[in-house]
2 protein chains.
Amino acid sequence: MTHQVLIGGNWRDSNATGTFQADDPRAASAIVDEYPISSWSECEEALNAAQTGFAEMRQLPVERIAEFLERYADGIESASVEICEMASRETALPVEPRLASGELPRTTGQLRQAAAAARQQSWCLPTIDTATNIRSVYGSIGPVAVFGPNNFPLAFGSISGGDFAAAIAAGNPVIAKANTMHPGTTRLLAEIAQRAAVETGMPAATVQLIYRMSHEDGERLAGDPRLAAIGYTGSRHAGLKLKAAADAVGKPIYLELSSVNPVVILPGALAQRADEIADEFTGSCLMGTGQFCTNPGIVVLNSGADSEAFVERVKSKFNDAPVGTLLSKSGQQGLAAAVKTLVDAGAEIVCGGEQGGGTGYSHSNTLLRVSGEAFLTAPEVFQTEAFGNCSLFVVVNSIDQAVRVVQSLEGNLTGCVYSATDGADDADYDRIAPELRQKVGRLLNDKMPTGVAVSAAMNHGGPFPATGHPGFTAVGVPGSLLRFSMLQCYDNVRASRLPSVLQDENPGDVWRMVDRQWTQRSVELATA
Amino acid sequence: MTHQVLIGGNWRDSNATGTFQADDPRAASAIVDEYPISSWSECEEALNAAQTGFAEMRQLPVERIAEFLERYADGIESASVEICEMASRETALPVEPRLASGELPRTTGQLRQAAAAARQQSWCLPTIDTATNIRSVYGSIGPVAVFGPNNFPLAFGSISGGDFAAAIAAGNPVIAKANTMHPGTTRLLAEIAQRAAVETGMPAATVQLIYRMSHEDGERLAGDPRLAAIGYTGSRHAGLKLKAAADAVGKPIYLELSSVNPVVILPGALAQRADEIADEFTGSCLMGTGQFCTNPGIVVLNSGADSEAFVERVKSKFNDAPVGTLLSKSGQQGLAAAVKTLVDAGAEIVCGGEQGGGTGYSHSNTLLRVSGEAFLTAPEVFQTEAFGNCSLFVVVNSIDQAVRVVQSLEGNLTGCVYSATDGADDADYDRIAPELRQKVGRLLNDKMPTGVAVSAAMNHGGPFPATGHPGFTAVGVPGSLLRFSMLQCYDNVRASRLPSVLQDENPGDVWRMVDRQWTQRSVELATA
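Residues numbered from 1 in each chain as written. Chains lettered and ligands numbered in written order. Predicted model: local features only at pLDDT ≥ 70, side-chain atom pairs only at ≥ 80, totals over all residues.

Trainee: It is not clear to me how the overall build of chain A should be interpreted in this structure. Could you clarify?
Mentor: When helices and strands are tallied, chain A shows 17 helices and 23 strands. Counting only C-alpha atoms and orienting by the principal axes, one finds that chain A spans roughly 75 × 65 × 40 Å. Considering chain A as a whole, with its 528 residues, one finds that 60% of them fall into the buried category. A separation threshold of at least 6 residues defines the contact pool for chain A, and within that pool the share at least 24 residues apart is 73%. (Helix = DSSP H or I, 4+ residues; strand = E, 2+ residues; numbered from the N terminus. Buried ≥ 20, exposed ≤ 12 C-beta atoms within 10 Å, placed from the backbone. Contact = placed C-beta atoms within 7 Å.)

Listed below in structure tokens is the structure:
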């Protein structure tokens, strides 16, 4: 039996052009369930339904959207066991602690934060200029397609993750494109989402689910005028195709494509606390078999005895650590190919470098090294993302060379600098940090990049190719909502026709910028 | 003699591949001054200098940037007569009231508002989460190229306008590409800017000026990694080429490409005050010979006697009004070509439709009409922008048809609805406005779209092709600054290394979001 798609509020047989199966990565074999590959006509039905759904959503009070997101979060918690078992089967991520105690609470927490933001409305930055009677606000943009990644089936999932929560909270219906590596998890979540939508009286097409379409149809969807915006997290190759299609019609597309997350360990820090840093690094790099967007993929070290001892310690820990299961066969192949690319370019294998070694799809814990000089001869190649339990040490011969390595980096989600606490590295820090700052979305001190707090101050973003625009974050409320909105200005619009959030009376405790001052008061009070 | 370019703080002879001359539009002939077409190597020198300048700018106190912008504004005022005479000669825009009393004060006002924003720092939305010690802020992005339009030589000029002021205030050096129709005006402004930069101790490459480069070199510049962002206002064709080059490398580019600025006049409004609206429309459409981004290019009217009388009145006013001089020969040719496209598609000429009729480059005041039914057979063609003293009336046979016309529109900067004050049009308004809302950046009631107030609540932006991203405004402070910034997060960064605006102590009266509340207090006080 082929599973059904969710279109316009109805689960129904797909008008499919074929089917596919997901794998069980631990067993390295297919799971029996078949999922449809939707035709273009099915994509069109979803687009049409989303347009109708959007027109209906625009009329809803924000409270309804908040209730939906909260009901959905409750539903996910009620079905926690089933969801985590399915997700674990499809991804090999362990139920405990990762899925049940980590990712699932993060997911429901994000949905509830998004609900609170939708209800409170301060996210949309209402701005009122009383002298000119011009008012503006970030308003909903229209139907959003979300393409989720394979590595966070829940917290970044296309129908449950941060992009989904942000798009809905900003007032937009979502067409979810399942990640084909965990269609069953996505289906379970979609069922709960759809029930929550019905129970809270949301429009029929608030959430829709398509499992897969051809690449051509994906690009066609990205360029279709019925779709207003796109959230994509996944491979750089596929993402760039969607980006080109969206860019050609000037449509906002928010991508998270690749990041090697450079970590610079300055000499004083290594002299002071090499073992501690080695432990931190190993934990960060091997956790979840290294399959995090913020995995520390490049470590810059100064040459010398301290660094050699550090490399040896990490090597020993990598060799001792169990080899985890990767998310997929293509993940195993991709990691092996990336290691080969690095080796072919001149990197030396410190440990690992072999496929297998763990249960099912796997690859040995791998450490590579290259000199700063060699790195600078082909910086693009040495920035090849080896997604998984792997990292490249770049051993530089001077701080000048370290600066040049940092200058040669592409955009990244994160960049870290470890420095001595006694000031020994301060001069070096002052040279490295300004260069690294412009290359990354999040700059860290003395801390590994994995672990992305859901904070209003978080930036899970950064310059291309980490993302498609350095002004937006994919994690954190209210920032993530702004991606799925448009700036809407009202000039001389009659008071009764303004959205409530822009009327003189503050509809609640909304933070609004009235005559250049942030206030929660109503206009006559604010300007009194 | 060929004029010099401004590279790295020095006026010097260009390494040119050729020269060009601007026209005097009133005389319909070339002005003697020759300006260089820069080679790629000159573009590269500007890029390299801008990189150095950016590294220096990052170290400056914001006060310095503010002083520069204010000094520059003062300098423009001191040279007002010379600037306005030159601009009038190159554009045919009258010195009074347009340039001296309108555009020049707008320009200096924008520079001073940008200075105030840079000094006050609230524009960068500092966000502090004390529980996680994560802090973020919109920081400077790097060298910005500004391509200014022909129709506002000062207020949107590449080295004096809103994009320039925003880019500098956000902490970035600017490479200005002069509009080739007013190189002399741009040169005068660049001289004043450069003097102000020297006097206030700004980096050598804070402002640089190139007059022209080949299209290929322009695209190469757009894609070059030394350039961080682009502001472009101009023709759709050239803008899309630059956009493709920037998009391919994931670089932010903010474009203002074209807009027909639909005006919907509902039947009750026409019954109530047709003559008044006809006067407003004529003024808006013919002011500045119609050469505004927000010129009302499409007017939707319900068929019937009131509309016929309205058309007749506007026709009479168009025939009686003097025919203004257009900015350029290509402007005249482009307007004639657009009118021909509309006529060929089935629009009927109500009045005008001929080239010439005024001093120099000109085109008769032109009104066209087409039925709603015909419009809907080729909505894209009928949205051809006829830039200048021209507008197309779309006469619909029902409110349903009006809704379909609005639904068929591309993105626009503005959309207006005129409705009766007695409620007679309210039901129609409620059908039109939600559709129009999603198509435009600024929605107006009972007011023509020309006249873009420099307000914090302004949105001079909108969905593609009005701009390249519907989340940003090109006019208004602080919004316009955000375009030339990147979101920069600091995670566990040591207190002394944080930018002052993110340290616990508020460095002034900066509005910061501390633990989800906007406050001007310091952190220990804010959380007490």
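Trainee: Looking at this structure, I do not really get the interface of chain A and chain B. What am I missing?
Mentor: Where interface size is given, it is often the accessible area lost as the parts come together that is meant. With 58 residues of chain A in contact, the opposing surface of chain B contributes 58 residues. It is strand S21 (residues 485-491) of chain A that provides the largest number of residues to the side of chain A that touches chain B, a total of 7 residues. Counted by class, the side of chain A that touches chain B contains 27 nonpolar, 18 polar and 13 charged residues. Bridge analysis of strand S20 (residues 440-445) of chain A against strand S21 (residues 485-491) of chain B gives 3 bridges, and the strand direction is parallel. Bridge assignment links Leu444 of chain A to a residue of S21 of chain B, and that residue is Asp491 of chain B. (Nonpolar A, V, L, I, M, F, W, Y, C, P; charged D, E, K, R; others polar. Pairing = 2+ DSSP bridges.)

Trainee: In this structure, what is going on with the relation of the copies chain A and chain B? I would like to understand it.
Mentor: In summary, the two copies of the chain are related to each other by a rotation about an axis coupled with a shift along it. Rotating chain A by 180° and moving it 0.0 Å along the rotation axis overlays it on chain B with an RMSD of 0.0 Å. These values place the two chain copies in the arrangement generated by a two-fold rotation axis. In this assembly, 100% of the residues forming the interface of chain A have copies in chain B that are likewise at the interface, indicating an isologous arrangement. (Least-squares fit on C-alpha atoms with pLDDT ≥ 70 in both.)

Trainee: Would you mind showing me how to read the sheet that holds strand S8 (residues 134-140) of chain A here?
Mentor: Strands belonging to one sheet form pairs held by backbone hydrogen bonds; the direction of such a pair is parallel or antiparallel. Within the open sheet, the 12 strands sit side by side as S23(A)-S22(A)-S7(A)-S8(A)-S21(A)-S20(B)-S19(B)-S14(B)-S15(B)-S18(B)-S17(B)-S16(B). Their pairing is mixed. The sheet terminates laterally at strand S23 (517-519) of chain A together with strand S16 (348-351) of chain B, the two strands that pair on one side only. The mean inter-strand angle of the sheet, taken between neighbouring strand axes irrespective of direction, is 25°. Note: strand S14 (residues 262-265) of chain B against strand S15 (residues 298-302) of chain B, 4 bridges, orientation parallel. In the strand pairing of S15 of chain B, Pro262 of chain B is matched with Ile298 of chain B. On top of the sheet, helix H11 (residues 329-345) of chain B reaches S16, strand S17 (366-371) and strand S18 (390-396) of chain B; it is set at about 20° to S18 of chain B, its chief contact. Across the sheet, helix H14 (residues 399-407) of chain B lies against S14, S15 and S18 of chain B, angled at about 140° from S18 of chain B, the strand it touches most. (Axes fitted to C-alpha atoms, helices over the stretch in contact; angles between N-to-C directions.)

Trainee: Mind showing me how you'd approach the domain arrangement of chain A here?
Mentor: Residue and element names in this part refer to chain A. Each assigned domain of chain A is listed here: domain 1 (5-257 + 474-481) and domain 2 (262-445). For domain 1 versus domain 2, the distance between C-alpha centres works out to 33 Å. Taken together, the contact between domain 1 and domain 2 spans 13 residues of the former and 12 residues of the latter. (Domains from an automatic or database assignment.)

Trainee: Got a minute to help me understand helix H11 (residues 329-345) of chain A in this structure?
Mentor: In an α-helix there are 3.6 residues to a turn, and that puts residues three or four apart on one side. All names here are of chain A. Given a rise of 1.5 Å per residue, 17 residues ought to cover 24 Å, and the 24 Å separating the end C-alpha atoms of H11 matches this to within 8%. Along H11, the positions that sit buried rather than exposed are Gly331, Gln332, Leu335, Ala338, Val339 and Leu342. Viewed along the axis of H11, the buried residues span an arc of 130°, placing them on a single side of the element. Those residues of H11 hidden inside the fold are in contact with strand S17 (366-371), helix H13 (379-382) and strand S18 (390-396). Gly346, located one to two residues past H11, shows a positive phi value of around 125°. (Expected span 1.5 Å × (residues − 1). Arc of directions from axis to C-beta.)

Trainee: I'm lost on the pairing of strand S9 (residues 144-147) of chain B in this one. Help?
Mentor: The side chains of a regular strand alternate, first on one face of the sheet and then on the other. Residue and element names in this part refer to chain B. On S9, burial covers both faces: Val144 and Val146 on one face and Ala145 and Phe147 on the other are all buried. Bridge count between S9 and strand S10 (residues 174-177): 4 bridges; the pairing is parallel. Residue Val146 lies in a different strand from S10, and its bridge partner there is Ala176. Read from S9 through helix H5 (residues 162-169) to S10, the crossover connection turns out right-handed. Judged from the 4 bridges that link them, S9 and strand S12 (residues 229-233) form a sheet pairing that is parallel. (Right-handed = clockwise from strand over helix to strand, strands pointing away.)

Trainee: Hey, could you run me through helix H15 (residues 426-437) of chain A in this one?
Mentor: Residues and elements named next belong to chain A. With 12 residues, H15 should cover 16 Å at 1.5 Å per step; its first-to-last C-alpha distance of 16 Å lies within 8% of that length. Listed as buried for H15 are Asp428, Tyr429, Ile432 and Leu436. Considered in projection along H15, the buried side chains sweep an arc of 95° and stay on one side of the axis. Turned more than 90 degrees off the buried face of H15, the exposed positions are Ala427 and Asp430.

Trainee: Whenever I open this one, the sheet that holds S21 of chain B confuses me. Can you help?
Mentor: Taken together, 12 strands build an open sheet; the order of strands is S16(A)-S17(A)-S18(A)-S15(A)-S14(A)-S19(A)-S20(A)-S21(B)-S8(B)-S7(B)-S22(B)-S23(B) and the sheet is mixed. Edge positions in the sheet fall to strand S16 (348-351) of chain A together with strand S23 (517-519) of chain B, since each of these pairs with one other strand and no more. Taking the axes of each pair of neighbouring strands and ignoring which way they run, one obtains an average angle of 25° across the sheet. Together, strand S14 (262-265), strand S15 (298-302), S18 and strand S19 (412-418) of chain A form the strand contacts of helix H9 (residues 267-286) of chain A, whose direction differs from that of S14 of chain A by roughly 150°. Sitting on the sheet, H11 of chain A is in contact with S16, S17 and S18 of chain A, with an inclination near 20° to S18 of chain A.

Trainee: Looking at this structure, I do not really get the pairing of S10 of chain B. What am I missing?
Mentor: Residue and element names in this part refer to chain B. Burial along S10 is two-sided: Val174 and Ala176 and Ile175 and Lys177, pointing in opposite directions, are all buried. Note that S10 and strand S11 (residues 207-210) share 4 bridges and pair parallel. Residue pairing across strands places Ile175 opposite Gln208, the latter belonging to S11. Taking the sense of rotation as the criterion, the β-α-β connection linking S10, helix H6 (residues 183-199) and S11 turns out right-handed.

Trainee: I would appreciate a short explanation of the confidence of the model for chain A in the present structure.
Mentor: Note that predicted coordinates carrying low pLDDT should not be read in detail. When the pLDDT values of chain A are averaged, the result is 97; 99% of them are 70 or greater. Across the predicted assembly, pTM comes out at 0.97 and ipTM at 0.97. (pLDDT = per-residue confidence, 0-100.)

Trainee: Is there a simple way to explain unusual backbone geometry in this structure?
Mentor: Glycine aside, residues mostly have negative phi angles, and peptide bonds mostly take the trans form. Geometrically, the link from Val477 of chain A to Pro478 of chain A is a cis peptide bond, its omega value of 15° lying close to zero. Relative to the helices and strands, Pro478 of chain A is located in the loop between S20 and helix H16 (479-482). Of note, the bond from Phe464 of chain B into Pro465 of chain B is cis; its omega dihedral lies within 30 degrees of zero at 5°. In this structure, Pro465 of chain B sits in the loop between strand S20 (440-445) and helix H16 (479-482). In the Ramachandran plot, Gln121 of chain A falls in the positive-phi region, its phi being about 75° despite a non-glycine side chain. Inspection of the secondary structure puts Gln121 of chain A in the loop between helix H4 (95-120) and strand S7 (127-129).

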